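# Observations on the model geometry
Given next are the chains, with one letter for each unit.
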Amino acid sequence: METKRVLVVGGTGYLGQHLLLSLSQIKDNAPYDLAFTYHSNSNLLQPLLDAIPHSLAFHVDLVTGDGFQSIASKFGLPHVVVNCAALSVPRVCEKDPDAAMSINVPNSLVNWLSSFEERDTLLIHLSTDQVYEGVKSFYKEEDEAVPVNVYGKSKVAAEQFISKSWPNFAILRSSIIFGPQTISPVPKSLPIQWIDGVLSKKEQVEFFHDEFRCPVYVKDVVTIILSLINKWIIEGKQMKLLLNVGGPDRVSRVQMAETVAHVRGYSTSLIKQVSASSVYRGVSSPADISMDISKLIQTLNISPTSFRDGVILTLESA
């Protein structure tokens, strides 16, 4: 079997690093040739290359597309592209909608793929649960996407662009991704580690009791992506797939904090319950974007890790 070329766009990010490491550890008959892109996190590059020495790194500007031609000449047309890159902080997107749209809608990536004669590359694109309005529980993929902020709107625009412009894709609407730190530590705050850090100070901290998500363990997201790649390679069929990617538990920020407290043995009296409406964050935030993941389970035969078990695994590795 031909060795498949996999390109991870946004390889120095949190999910990108976890994915690259898992791809590099596959030792079956046809391990993957790996390449990844980076943009602003060049300081994270060397530890990642040291850990995955046979991978190729390319500096790419997703707005202009500068750098993609270098991939074409030095790596070739990828069989699979996993797009993990995004401007994903809602407050930042709200302040600069043009940047959010130009980075989060993968125009330059799809235009580059379209420049090749072959058009059967599988594009796996990370979207978000924030495409949903947040007025009910357990959204299904067929529910209307009515985002309440610029970040969500940019991700809906990306989904629509991909579905119209590329024939072979899987779009993953991911909830909050949590888990262990990466090989080359990312600068952003990780949710479970942050909660653990603030509770460990033994001071009371405010958490929202009325915003709900289905946080998903990072290694489950990696398993889902690997399963999609494997499914496409084995079946060889064109894919047009939209999946909710979340954990099995609908939890508020308070419940997330309580879980960390129980696992660590902190007093839950440190957790002060407040309404999300009591804090101005500079951006509208949907109240309940919990997701129904039955399609994910049925399609890939994957049962994501419970939130509590994911927290235990995360803190064990800290």
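Structural notes, computed from the coordinates.

Conventions and cut-offs
Residues numbered from 1 in each chain as written. Predicted model: local features only at pLDDT ≥ 70, side-chain atom pairs only at ≥ 80, totals over all residues. Heavy atoms only, no water. Helix = DSSP H or I, 4+ residues; strand = E, 2+ residues; numbered from the N terminus. Buried < 20%, exposed > 50% of the residue type's maximum accessible area, 1.4 Å probe, protein only. Axes fitted to C-alpha atoms, helices over the stretch in contact; angles between N-to-C directions. Parallel < 35°, antiparallel > 145°, perpendicular 65-115°, else oblique. Contact = heavy atoms within 4.5 Å. Nonpolar A, V, L, I, M, F, W, Y, C, P; charged D, E, K, R; others polar. Salt bridge = Lys/Arg side-chain N within 4 Å of Asp/Glu carboxyl O. Core = buried A, V, L, I, M, F, W, Y, C linked by side-chain atoms within 4.5 Å. Left-handed = near helix turned anticlockwise from the far one by under 90°. Phe/Tyr/Trp six-rings, centres within 6.5 Å; stacked < 30°, edge-to-face > 60°. Lys NZ or Arg CZ within 6 Å of the ring centre and 35° of its normal.

On to unusual backbone geometry, then. The bulk of non-glycine residues show a negative phi, and the bulk of peptide bonds are trans. Unusually for a residue other than glycine, F138 sits at a positive phi of about 55°. Structurally, the position occupied by F138 is in the loop between β5 (122-128) and α7 (150-165). At N301, a position not held by glycine, the phi torsion is positive, near 55°. If you trace the backbone, N301 turns up in the loop between α11 (294-300) and α12 (307-316). On the basis of relative accessible area, N301 is assigned to the exposed category, the value being 70%.

On to the packing of helix α8 (residues 191-199) against α12, then. Packed helix pairs are specified by the crossing angle of their axes together with the interaxial distance, meaning the distance between the axes. Interhelical geometry of α8 versus α12 gives an angle of 75° and a closest axis separation of 10 Å. The angle between α8 and α12 places the two elements in the roughly perpendicular class. Contacts from I192, Q193 and D196 of α8 reach α12 at F307, V311, T314 and L315. Among the residues forming the contact of α8 with α12, the class breakdown is four nonpolar, two polar and one charged.

One pass over the full model with this rule turns up eight salt bridges. A salt bridge links K272 to E206, with the nearest nitrogen and oxygen atoms 3.8 Å apart. With K272 in strand β13 (residues 271-274) and E206 in strand β8 (residues 205-208), the pair connects residues that are 66 residues apart, well separated along the chain. When its relative accessible area of 37% is taken as the criterion, K272 is described as partly exposed. By relative accessible area, which is 45% here, E206 ends up partly exposed.

With that out of the way, let us pick up the nonpolar core. With 43 residues, the main nonpolar core has L15, I124, L172, I225 and L228 as its most contacted residues. Of all hydrophobic cores here, the second largest spans 24 residues; its members include I71, F75, L77 and I171.

Running from amino to carboxyl end, helix α5 (residues 97-104) crosses α7 at an angle of 30°, the nearest separation of the two axes being 9 Å. Considering the angle they form, α5 stands roughly parallel to α7. In this structure, α5 crosses over α7, and the sense of that crossing is right-handed. Between α5, through P97, A100, M101 and N104, and α7, the contact on the second element is made entirely by V150, Y151, K153, S154, K155, A157 and A158. For the contact of α5 with α7, the per-class residue count stands at seven nonpolar, two polar and two charged.

Secondary-structure assignment places Q17 in helix α1 (residues 14-24). Those residues within four positions of Q17 in sequence are excluded, and the remaining contacts are G11, T12, L44, L48, T182, I183, S184 and V186.

Now for the packing of aromatic side chains. Counting across every chain of the model gives six aromatic pairs. Geometrically, the ring pair formed by F68 and W112 is stacked, given 5.0 Å between the ring centres and 15° between the ring planes. Here F68 is found in helix α3 (residues 68-74), whereas its partner W112 is found in helix α6 (residues 107-114), with 44 residues between them in sequence. A single burial state applies to F68 and to W112, both of which are buried. These aromatic residues form a ring-pair network of at least three members: F68, W112 and F116. Sitting over the ring of Y139, K136 keeps its end group 5.2 Å from the ring centre. Cation over ring: R250 sits above F212, and NZ or CZ is 3.8 Å from the ring centre.

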